[in-house]
Amino acid sequence: MSEEKSRAGVPGMTQALWESPFMRACRRESVPHTPVWLMRQAGRYMREYREVRARHTFLEMCKRPEVASEVTVYAAKRLKVDAAIIFADILLIIEPMGLELEFAKGEGPVIHNPVRAGRDVSRLREVEDVGALDYVYEAIRMTRRELPGNVPLIGFCGAPFTLASYIIEGGGSKNYVNTKRLMYTDAGAWHALMSLIARALGRYLNAQVGAGAQAVQLFDSWVGALGPDEYREFVLPHTRSVIQSVTRGVPVVHFGTGTASLLELMKEAGGDVIGLDWRVRLDEAWSRLGDVAVMGNFDPALLFTNPETVREHARRVLEQAANRPGHVFNLGHGIMPETPVENVVALVEAVHELSARA
Ligand code: CP3
């Protein structure tokens, strides 16, 4: 077995976790059924989540390990998915950099002191010690204790470009004008910012692994705003450095949306599993990518239809994957807040039934 695929040295990796369908699929090994989990599986579409959320702000939920752990475990058990993802947010890591983060009601994330000019980059703090995010590691430890012994727990972070876009825009954005202006006009400041983020992320992911995450995912949710040349020059080296710093033996999922023109470059940046949105055919994307596992592709809007339609489209995705080893079923992006829970449950059941190997 290659060094990359050895479980030796991965903290807390039991045989049951190592041999679980999700972990086997990440390594492109055969599976009894296609593993499925869903981005944002613990979220507002679930009544039980909304009940907890009514008593806490979103940031409080992230910062109270017992609460983060409760919603993570609840969602995984309710949906009977093959992996859990720790309840947290990609933006938590920017607080120890000296950025003021708020989740404003109905507005999504707001950063009160964004980086706008090159000189703002120099006032950011190097995150030498990722202990500021101890609450995440504690949530991972608690969650690992509560999850079934064959359900891996995924840790995560935002990828450098997506985090830089929030840090520069001060929140979500449509056209990324401030981000791109800094990128195009001040390459020195851009690379300084991206490498500061990348160093923090490497430490952060490995601390999550140390606490008990079996796999990690990078969310490059907004990188589809770039073309291939810009990705190669301004993003790829930084994302690659994060991925290369992850503890050996821990699968890395590299996910983005709007990435149809970037897939080969994302693979070059790294990852054992490449995440696809629904704007590409899974079979075409996979043949372009070659020897890597793939995840995703189911349109989250399909979850607003009905169980029969959900099942039919799950069948289509599975047909394109054609039982090739290395397929993790997931949505092309996160579950949306108003999604009917029964359709989500129906999706997981359909994937398990339709993909059961003879
Ligand atoms: O997937 C999971 O179940 C794990 C938890 C998770 C959350 N955010 C919880 C969350 C994960 C993996 C994330 C990642 C994240 N956060 C991303 C990348 C994934 C993606 O969707 O592309 C991004 C871009 C963020 C930043 C972020 N956090 C935004 C833009 C928002 C507001 C979105 C909205 O719909 O209001 C959040 C808040 C957030 N993160 C919520 C949840 C459950 C909703 C908060 C609430 O309860 O009000």
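Residues numbered from 1 in each chain as written. Predicted model: local features only at pLDDT ≥ 70, side-chain atom pairs only at ≥ 80, totals over all residues. Heavy atoms only, no water.

Draft legend 1. Spotlight on the side chain of Ser-69. As for its placement among the helices and strands, Ser-69 is situated in helix α5 (residues 65-79). With residues near it in sequence (within four places) discarded, Ser-69 still touches Ala-139, Met-142 and Thr-143. (Helix = DSSP H or I, 4+ residues; strand = E, 2+ residues; numbered from the N terminus. Contact = heavy atoms within 4.5 Å.)

Draft legend 2. Inspection of unusual backbone geometry at higher detail. A positive phi angle, close to 60°, is found at Arg-28, a residue other than glycine. Assignment of secondary structure puts Arg-28 in the loop between α2 (21-26) and α3 (47-53). Arg-28 sits in the partly exposed class, given a relative accessible area of 35%. Here the phi dihedral of Lys-80 falls at roughly 55°; this positive angle occurs in a residue that is not glycine. In this structure, Lys-80 sits in the loop between α5 and β1 (84-85). (Buried < 20%, exposed > 50% of the residue type's maximum accessible area, 1.4 Å probe, protein only.)

Draft legend 3. Inspection of the pattern of salt bridges at higher detail. Across all of its chains, the model carries 19 salt bridges by this definition. Among the salt bridges present, the one from Asp-291 reaches Lys-267, with a minimum N-O distance of 2.5 Å. Here the residue Asp-291 occupies a position in the loop between α13 (282-289) and β8 (293-298), and Lys-267 occupies one in helix α12 (residues 263-269), the gap between them amounting to 24 residues. Judged by relative accessible area, Lys-267 falls into the partly exposed class, the value being 27%. Here Arg-279 ties to Asp-277 by a salt bridge, and the two come within 2.6 Å at their closest N and O atoms. (Salt bridge = Lys/Arg side-chain N within 4 Å of Asp/Glu carboxyl O.)

Draft legend 4. Region of the structure containing the site of the ligand. Surrounding the ligand, one finds 22 residues, the nearest of these being Arg-40, Arg-44, Tyr-49, Ser-221 and His-333. Contact distances for the ligand include 2.5 Å between an oxygen atom and a backbone N or O atom of Arg-40. Residue His-333 places a side-chain N or O atom 2.5 Å away from an oxygen atom belonging to the ligand. Within the complex, 88% of the 870 Å² of free accessible area of the ligand lies under protein. Partitioning the shell around the ligand into residue classes produces 15 nonpolar, three polar and four charged. (Near = heavy atom within 4 Å. Polar contact = N/O pair within 3.5 Å; in protein donor to acceptor, adjacent residues only side chain to side chain. Areas by Shrake-Rupley, 256 points an atom, 1.4 Å probe, with all protein chains shown as cover. Nonpolar A, V, L, I, M, F, W, Y, C, P; charged D, E, K, R; others polar.)

Draft legend 5. Local environment of the nonpolar core. Within the largest apolar cluster, 137 residues are counted, with the highest numbers of intra-cluster contacts made by Trp-37, Ile-93, Met-97, Phe-298 and Leu-347. For this core, the leading source of residues is helix α10 (residues 187-211), giving 13 residues. Apart from residues lying up to four places away in sequence, Ile-93 is in contact with Val-130, Leu-133, Leu-163, Ala-200, Leu-201 and Tyr-204. (Core = buried A, V, L, I, M, F, W, Y, C linked by side-chain atoms within 4.5 Å.)

Draft legend 6. Spotlight on a positive patch on the surface. A surface patch of like charges, here positive, comprises Arg-40, Arg-44, Arg-53 and Lys-105. Position of Arg-53 among the secondary structure elements: in helix α3. Exposure remark for Arg-53: the relative accessible area of 32% places this residue in the partly exposed category. (Patch = residues over 30% accessible without salt bridge, like charges linked within 9 Å, V, L, I, M, F, W, Y side chains within 5 Å. Lys, Arg positive; Asp, Glu negative; His and termini not counted. Charge placed at Lys NZ, Arg CZ, Asp CG, Glu CD.)

Draft legend 7. Representation of the pairing of β8 within the structure. Most of β8 is tucked away: six of the six residues are buried. Bridge count between strand β7 (residues 273-276) and β8: four bridges; the pairing is parallel. What sits directly across from Ile-274, in β8, is Val-294. Traced from β7 through α13 to β8, the parallel crossover comes out right-handed. Taken together, the five bridges between β8 and strand β9 (residues 327-331) define a ladder with parallel strand orientation. Bridge pairing in β9 links Asn-297 to Asn-330. In terms of handedness, the path from β8 via helix α14 (residues 307-321) over to β9 forms a crossover that is right-handed. (Pairing = 2+ DSSP bridges. Right-handed = clockwise from strand over helix to strand, strands pointing away.)

Shape descriptors only; they carry no functional weight alone.
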